[in-house]
Amino acid sequence: MRKLPESVDRDILDQRIISALRTIREALGCSLHEALDVFNVRYQELRRERSDDFSIGPEEYGRGFYS
């Protein structure tokens, strides 16, 4: 997989889910379903590697976002 733009990590950390998905789709030329899969993998990596950089806990993340 190609390297994702740094803005994807910032968007994930700041809970800008739609913006992150849009950037992933543009960078990888993939479908929304594929972008959601990529997003989830990167989200999990960031939770492990940079958990202190999130402003909210995993139980609150994405509340109100339905895909």
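Structure shown above.
Residues numbered from 1 in each chain as written. Predicted model: local features only at pLDDT ≥ 70, side-chain atom pairs only at ≥ 80, totals over all residues. Heavy atoms only, no water.

1. Quick look at helix H2 (residues 17-28)
Phase 1 of the analysis: Taking 1.5 Å of rise per residue, 12 residues should cover 16 Å, and H2 covers 16 Å from first to last C-alpha, within 8% of that figure.
Phase 2 of the analysis: Of the positions making up H2, those classed as buried are Ile17, Ala20, Leu21, Thr23, Ile24 and Ala27. Viewed along the axis of H2, the buried residues span an arc of 165 degrees, placing them on a single side of the element. Exposed side of H2, more than 90 degrees from the buried face: Ile18 and Glu26 are the residues found there.
Phase 3 of the analysis: Buried positions along H2 lie against helix H1 (6-13) and helix H3 (32-49).
Phase 4 of the analysis: Just downstream of H2, Gly29 is the residue with a positive phi angle, here 60 degrees. (Helix = DSSP H or I, 4+ residues; strand = E, 2+ residues; numbered from the N terminus. Expected span 1.5 Å × (residues − 1). Buried < 20%, exposed > 50% of the residue type's maximum accessible area, 1.4 Å probe, protein only. Arc of directions from axis to C-beta. Contact = heavy atoms within 4.5 Å.)

2. Some points on the pattern of salt bridges
Phase 1 of the analysis: With the rule as written, the count across this model stands at 6 salt bridges.
Phase 2 of the analysis: For Arg42, the salt bridge goes to Asp9, with nearest N and O atoms at 2.8 Å. Here the residue Arg42 occupies a position in helix H3, and Asp9 occupies one in helix H1, the gap between them amounting to 33 residues.
Phase 3 of the analysis: Owing to a relative accessible area of 15%, Asp9 belongs among the buried residues under this scheme. (Salt bridge = Lys/Arg side-chain N within 4 Å of Asp/Glu carboxyl O.)

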